[in-house]
Amino acid sequence: MKKLYILSLVLSFTIGFAQTNLKKADALFKNYSYVDASKAYEEILQNIKNPSTQTLKNAADSYYFISDARNALKWYKKLYEAQGNNLTDIYYLRYIQSLKGVMDYDEANRMIKEYLDKKGDQNEINRYATQKKQLDSLSKAKSLYNIKNLDINTSKSDFGATFFQDKIVFTSARDTTKFSEKLYTWNNQPFLNLYVADRNPADGSLFNEVLFIPNVMTKYHEATATFDAQGKTIYYSTNIVKKNKLVIDETKTNNFQIIKGAIVNNKLENPEKVFFDSDDYSAGHPSLSDDGRWLFFASDMPGGYGETDLYYVKISDDGTMSSPVNLGPKINTLGNDLFPFFSNGTLYFSSDGHYGLGDLDVYESKFLADGTFSVPRNLGEPINSNKDDFSFIIDKADNFGYVSSNRADGKGDDDIYSFVKGKPVCNQNISGIAVDRKTKLPLTDVVIMAYNSYSDVLNETKTNYEGKYAIVVPCGKVVKLLAAKQNYSNDEKTVQTGNDNEGEIKDINFELSNYDDLVVKKKGVEKVDVNPIYFDYDKYDITPLAIEELTKVVFIMQKFPNIRIKIESHTDSRGKDAYNLKLSDNRAKSTRDYIISQGIDTSRIESAIGYGESRLINKCKNGVKCTEAEHLLNRRSDFIIIQK
């Protein structure tokens, strides 16, 4: 599809040589005779040890412009060896696209990173990272699209399907009966005409194709049409012609223009140029929005960001158009951005400047509430390939459409493919961070599990070195998230997801406690780390101060569901031995009952026994004078871990 990248008709003249030399090869290249030029450079460069960078560029470009990525890559590599990272932007792009054309994606990505580092534009780096992540993710998921090559395709170029009432209008070079002239020695294709065909709703096939509105056709290009909703107004691309002659500039180039006209009784009436047409640049690939109020188009007019950019004009009720507006650097790139199609608030277009699979890929961008467009998203395979994929259209119900491509195994130069689109699976992203509850430092390798209401696993992931995670879950569900790490407590959160596909729920964070921070170890025995539990004098009721400490016991048992304990309660030596024994036993059982009341299963507490003053931990037995602090050490409740 390189022939329409520049939206222009190059007038070339046959040059024949019995013997090729460099000057003659350069003349072929300058004359846009790329097929012959590529052969000439191939022959010459076998005998030149140190070719100039310009010769390498011409040789590579000759192949690039006839979509021969393998041979183009050979000479772009030589050019890179000669110039290194001094390659200009456009040659980085062509080198990268040629690498992708032979599916050498690893090397292409390395070159992209080198180029972006050289440019130092953080916005471009961010866009690359975002688009690569999106395309990588898309490659792992089942595609919504199912495509099929159409029987209507020929050995020539067939592309650019567009909706016209209940029919399809498309562009084709199939008609070779009227004109013997070739479009380019570049590609040896006839001129392009518009055709109309019936559409079979059952399988999307096209049939009964005939020339569309015969009085539109000239002996030059007519291509890429668009219509209003009623099918009464047409905009289409054609060559700039005055007095039946092509208007050419000093480079022998005839630019494209957009013509608007009315369709009455299958005839074109009142054809006129749109006001922004110019002899000095091209404008083409027009596409009306659903409501007819916006006209999108591609152009290489001055002031753009790359070789061809996308623009729009607003159309008032009386047909007055606003000045063209460039869609800006979020959409347009240093390469070619072409074939716009705007429907249901989404702009579809093709580009070789965004991150993709190779050459032109189809992207989508949502029109946002603030009047801007979202970062373009690659549609992935099978809509896209490592070759040119373009002229994407889809019906208003988002069920079926057409796309054009020159991918391998097609019938001709460019082919039209029909597709059906399945309903997208609605997912949302939940993200956050997991930290240590005590230190607040991030925890790596925390397993995050997502469950539905039936405890079925929806997805799982792990936190990275920054403690961050992101997990994809279905829309419109109550999702339970469980965070777990060895030797740490679990943490749970419940989230209600919304219905916005690819929406994000942020800051669902987790705090995990290290087991070692919750226990004390002495003489090989592990106990829950609690402060002394105080009871009122001569009582065993649970006080607010006791609850504060028992909450720590409940916490560790909740967070570590395999833990089993036994409870031992002790008193100091003051008072009668038998009384202390009974009081401590009542207190042990009281603490056990409280823990069970908080939802801890009875089976996880092996025993709750009071030992009175029989297990003093210091000298303060009967008859020994001790301080209050010394007696306090003996008034204790131990929660001994017997299983974890």
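That block above? That's the structure.
What counts and what doesn't
- Residues numbered from 1 in each chain as written.
- Predicted model: local features only at pLDDT ≥ 70, side-chain atom pairs only at ≥ 80, totals over all residues.
- Heavy atoms only, no water.
- Helix = DSSP H or I, 4+ residues; strand = E, 2+ residues; numbered from the N terminus.
- Rg over C-alpha atoms; globule rule 2.2 N^0.38 Å.
- Buried < 20%, exposed > 50% of the residue type's maximum accessible area, 1.4 Å probe, protein only.
- Contact = heavy atoms within 4.5 Å.
- Areas by Shrake-Rupley, 256 points an atom, 1.4 Å probe, with all protein chains shown as cover.
- Phe/Tyr/Trp six-rings, centres within 6.5 Å; stacked < 30°, edge-to-face > 60°.
- Core = buried A, V, L, I, M, F, W, Y, C linked by side-chain atoms within 4.5 Å.
- Pairing = 2+ DSSP bridges.
- Polar contact = N/O pair within 3.5 Å; in protein donor to acceptor, adjacent residues only side chain to side chain.
- Disulfide = S-S within 2.5 Å.
- Expected span 1.5 Å × (residues − 1).
- Arc of directions from axis to C-beta.
- Salt bridge = Lys/Arg side-chain N within 4 Å of Asp/Glu carboxyl O.

Draft legend 1. Local environment of the overall build of the protein chain. Along the protein chain, the regular secondary structure elements total 10 helices and 36 strands. Compactness check: the protein chain gives a C-alpha radius of gyration of 37 Å against a globular reference of 26 Å for 644 residues, more than 25% above the reference. In terms of principal-axis extent, the alpha carbons of the protein chain reach across some 125 × 65 × 40 Å. Burial statistics for the protein chain: of 644 residues in total, 50% are counted as buried. A sequence separation of at least 24 residues applies to 57% of the contacts in the protein chain between residues at least 6 apart. Accessible surface for the protein chain amounts to roughly 31000 Å². Of this, 50% is attributable to carbon and sulfur atoms.

Draft legend 2. Region of the structure containing the packing of aromatic side chains. Inspection of every chain in the model, using the stated rule, returns 36 aromatic pairs. Aromatic pair Tyr-64 and Tyr-76: ring centres 6.1 Å apart, planes at 75°, arrangement edge-to-face. Pair noted here: Tyr-64 is in helix H3 (residues 53-64) and Tyr-76 is in helix H4 (residues 69-83), with a separation of 12 residues, a long-range link. On the basis of relative accessible area, Tyr-64 is assigned to the buried category, the value being 6%.

Draft legend 3. View of the nonpolar core. Ranked by internal contacts, the top residues of the largest apolar core, which has 41 residues, are Tyr-41, Trp-75, Tyr-76, Leu-87, Tyr-95 and Met-111. Where this core is concerned, the elements lending two or more residues are helix H1 (22-30), helix H2 (34-45), H3, H4, helix H5 (89-101), helix H6 (105-119) and helix H7 (122-140). Beyond its immediate chain neighbours, meaning those up to four positions away, Tyr-95 contacts Leu-73, Tyr-76, Lys-77, Tyr-80, Leu-87 and Met-111. In terms of nonpolar packing, the next biggest core, distinct from the first, is built from 25 residues, Tyr-515, Val-519, Met-557 and Phe-560 among them.

Draft legend 4. Quick look at the side chain of Ser-489. Residue placement: Ser-489 occurs in the loop between strand S28 (478-484) and strand S29 (491-496). Setting aside chain neighbours within four positions, we find Ser-489 in contact with Ala-483, Leu-512, Ser-513, Lys-559 and Phe-560.

Draft legend 5. Structural view of the sheet that holds strand S18 (residues 346-351). On the basis of which strands lie adjacent, the open sheet formed by four strands has the order S17-S18-S19-S20 and antiparallel pairing. In this open sheet, the two edge strands, each paired with only one partner strand, are strand S17 (337-343) and strand S20 (377-378).

Draft legend 6. The side chain of Thr-238, seen in detail. On the secondary structure map, Thr-238 appears in strand S8 (residues 233-239). We classify Thr-238 as buried; its relative accessible area is 7%. In this structure the side chain of Thr-238 is engaged in a polar contact, spanning 3.3 Å, whose partner is the side chain of Glu-222. Contact partners of Thr-238, with chain neighbours within four places excluded, come to His-221, Glu-222, Asn-255, Phe-256, Gln-257 and Ile-259.

Draft legend 7. Just the state of the cysteines, in detail. The tally for this structure, following the rule as stated, stands at two disulfides. With a sulfur-sulfur separation of 2.0 Å, Cys-426 is cross-linked through a disulfide to Cys-475. On the S-S bond that ties Cys-426 to Cys-475, the torsion sits near -75°, and the link is left-handed. With Cys-426 in the loop between strand S23 (415-421) and strand S24 (427-436) and Cys-475 in the loop between strand S27 (468-474) and S28, the pair connects residues that are 49 residues apart, well separated along the chain.

Draft legend 8. Highlighting H7. Counted at 1.5 Å a residue, the expected span for H7 with its 19 residues is 27 Å, and the 27 Å between its end C-alpha atoms agrees. Residues of H7 that are buried: Arg-127, Tyr-128, Gln-131, Gln-134 and Leu-135. Taken around the axis of H7, the buried residues stretch over an arc of 140°, which confines them to a single face. Exposed residues lying more than 90 degrees from the buried face of H7 are Lys-133 and Lys-140.

Draft legend 9. Here's a closer look at the pattern of salt bridges. By the definition in use, this model includes 31 salt bridges. The partner of Arg-407 in a salt bridge is Asp-389, with the nearest N and O atoms 2.8 Å apart. You can see Arg-407 sitting in the loop between strand S22 (400-405) and S23 and its partner Asp-389 sitting in strand S21 (residues 389-394), a full 18 residues away along the chain. Using a relative accessible area of 0% as the deciding quantity, one classes Asp-389 as buried. A salt bridge links Arg-592 to Asp-593; the nearest nitrogen and oxygen atoms lie 3.2 Å apart. A relative accessible area of 25% places Arg-592 in the partly exposed class. Bridged by salt links that share partners, the residues Asp-516, Lys-521, Glu-526 and Lys-644 form one connected network.

Draft legend 10. Examining the environment of Asn-270 more closely. Position of Asn-270 relative to the elements: it lies in strand S12 (residues 267-273). A relative accessible area of 60% places Asn-270 in the exposed class. Sequence separation of Asn-270 and Ile-259 is 11 residues, and the distance between their C-alpha atoms is 9.9 Å. Ignoring anything within four residues of it in the chain, the contact list for Asn-270 reads Lys-260 and Gly-261.

Draft legend 11. Region of the structure containing the sheet that holds strand S16 (residues 325-326). Pairing in this open sheet of four strands is antiparallel, and the strands run S13-S14-S15-S16 from one edge to the other. Since the sheet does not close on itself, it has two edges, and those belong to strand S13 (283-288) and S16, each with one partner. Alignment of strand S14 (residues 294-299) against strand S15 (residues 309-314), held across six bridges, turns out to be antiparallel. Bridging across to S15, Phe-297 finds its partner in Tyr-311.

Draft legend 12. Structural detail: the environment of Arg-70. Among the secondary structure elements, Arg-70 is positioned in helix H4. Measuring from C-alpha to C-alpha, the distance between Arg-70 and Lys-100 comes to 9.9 Å, with 30 residues separating the pair along the chain.

Draft legend 13. Expanded view of H2. Taking 1.5 Å of rise per residue, the 12 residues of H2 would be expected to cover 16 Å, and the 16 Å separating its terminal C-alpha atoms lies within 8% of that figure. Considered for burial, the residues of H2 that qualify are Tyr-34, Ala-37, Ser-38, Ala-40, Tyr-41, Glu-42, Ile-44 and Leu-45. Taken together, the buried residues of H2 touch H1, H3 and H4.

Draft legend 14. A look at unusual backbone geometry. With an omega of 5°, the peptide bond between Glu-381 and Pro-382 qualifies as cis. The phi dihedral of Asn-266 falls on the positive side, at around 60°, and the residue is not glycine. Mapped onto the fold, Asn-266 is located in the loop between strand S11 (253-264) and S12. On the basis of relative accessible area, Asn-266 is assigned to the partly exposed category, the value being 49%. Located in the positive-phi region is Asp-359, a residue other than glycine, with phi close to 50°. Here Asp-359 shows up in the loop between S18 and strand S19 (361-366). Owing to a relative accessible area of 9%, Asp-359 belongs among the buried residues under this scheme.

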